[in-house]
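# Coordinate analysis (summary)
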Amino acid sequence: MNDRILPEKSLVVRHGIVEIGEHWAIAISGLVLLVTGMFELPMANRYYITSLPGLGWSGDFIKSLYIHYAASVVFITASVFHLLYHGIRGERGMLPQPEDIKTSILVLKSFFGKREEPPFHKYLPEQRLAYVGMAVIIAMLILSGLVKTYKNLYAPDMSLTMVLWATWIHNVFFVLFILAFASHIGALVLKPNRPMFRGIFTGTVRLDYARRRHPLWIAEMEGEGEGKQPMGRLPAVEGQDSFHAEVPDGGDATKRAGRVTTEAPAAGDRRGEVNSENLPAAPDAETGDRENEQRDT
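What you see is a predicted model; the values in this text were computed from it and never measured. (Residues numbered from 1 in each chain as written. Predicted model: local features only at pLDDT ≥ 70, side-chain atom pairs only at ≥ 80, totals over all residues. Heavy atoms only, no water.)

Moving on to the sheet that holds strand 2 (residues 11-13). Strand order in the open sheet formed by three strands is 1-2-3, with antiparallel pairing between adjacent strands. Edge positions in the sheet fall to strand 1 (4-6) and strand 3 (204-206), since each of these pairs with one other strand and no more. Each strand axis lies, on average, 30 degrees off the axis of its neighbour in the sheet, ignoring direction. As defined by bridge partners, strand 1 adjoins strand 2 across three bridges and the pair is classed as antiparallel. Each bridged residue has a counterpart across the sheet, and for I5 the counterpart in strand 2 is V12. (Pairing = 2+ DSSP bridges. Helix = DSSP H or I, 4+ residues; strand = E, 2+ residues; numbered from the N terminus. Axes fitted to C-alpha atoms, helices over the stretch in contact; angles between N-to-C directions.)

Structure (structure tokens):
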């Protein structure tokens, strides 16, 4: 994780260079796939796209197909790298959580001033839901595209049923990809999300924005910066009550309260106890008077 606070610049690092690179690799190659996919439908000649400077090739099916293949290599490579890289590193921040749908509804209500936004971690709940939706769309495009490519290059006599299924799946998810892409861009136009726009290019967001909208994320980073131990029991000091400290563990910044508990000593552990039977008995008053008389004589 590259997340860290830069107080001297009033910024927070939200994405590292790897995340920025893979994001733009998928975005640019995906955009090229969209355009060249439409050029293969003979749209370029029909709508005079071929008359635009530098786009004369768009009316050539074979050239468009080759560019489509080249972009698909980048697209698939970046997608697979994303899964392997973040999977191996154990980064699960973008995976949906049980309350994401309910929280997303609350966020939508906040856009219309009907309630306040709840505090967020690094990612918004709708971002996690959109991530899964986009992942499914990309997976179906890749799988159906591989079938179509295999048919074009190695199996021209492939079953017509298989070809039709692959074509329809590719076309349907092609449309869904356009809608998801447009929604992804449109979400940044919303006023509450605009501060995240700079993160696409620089990987950073303003610190004041992060504190206001992502306090759980900030609390986690500040807790790690202070070197707090994971949640658990601190070693007890003999003769003192044990102290149970609850601090952030695994990104849960809500478990930061501490509490002191007093525990009874374990059975058989008699350290620190005073046994009155072993103490010498205190002399009574009469015995003390006799001792004093003897000394006087």
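In this section: the pattern of salt bridges. Pairs can form between side chains of opposite charge whenever their charged atoms are close. Under the defined criterion, the tally for this structure stands at six salt bridges. With a shortest N-O distance of 3.0 Å, D208 and R206 are connected by a salt bridge. What makes R206 partly exposed here is its relative accessible area of 36%. (Salt bridge = Lys/Arg side-chain N within 4 Å of Asp/Glu carboxyl O. Buried < 20%, exposed > 50% of the residue type's maximum accessible area, 1.4 Å probe, protein only.)

A few words now on the packing of helix 1 (residues 17-39) against helix 3 (residues 61-88). Two measures define how a pair of helices packs: the angle their axes make with one another and the distance between the axes. The geometry of helix 1 relative to helix 3 is characterised by a closest axis approach of 8 Å and an angle of 150 degrees between their N-to-C directions. In terms of orientation, helix 1 lies roughly antiparallel with respect to helix 3. Considering how the two elements wind past one another, helix 1 and helix 3 form a crossing that is left-handed. A per-class count over the contact of helix 1 with helix 3 returns 13 nonpolar, ten polar and two charged. (Parallel < 35°, antiparallel > 145°, perpendicular 65-115°, else oblique. Left-handed = near helix turned anticlockwise from the far one by under 90°. Nonpolar A, V, L, I, M, F, W, Y, C, P; charged D, E, K, R; others polar.)

Before going further, it helps to examine the side chain of S58. Mapped onto the secondary structure, S58 falls in the loop between helix 2 (43-46) and helix 3. Discounting chain neighbours no more than four positions away, the residues touching S58 are F39, A44, I49, T50 and S64. (Contact = heavy atoms within 4.5 Å.)

Along its twelve residues, helix 4 (residues 100-111) runs 17 Å from first to last C-alpha, staying within 8% of the 16 Å computed at 1.5 Å per residue. On its buried side, helix 4 packs onto helix 5 (125-153). G113 sits one or two residues past helix 4 and shows a positive phi near 75 degrees. (Expected span 1.5 Å × (residues − 1).)

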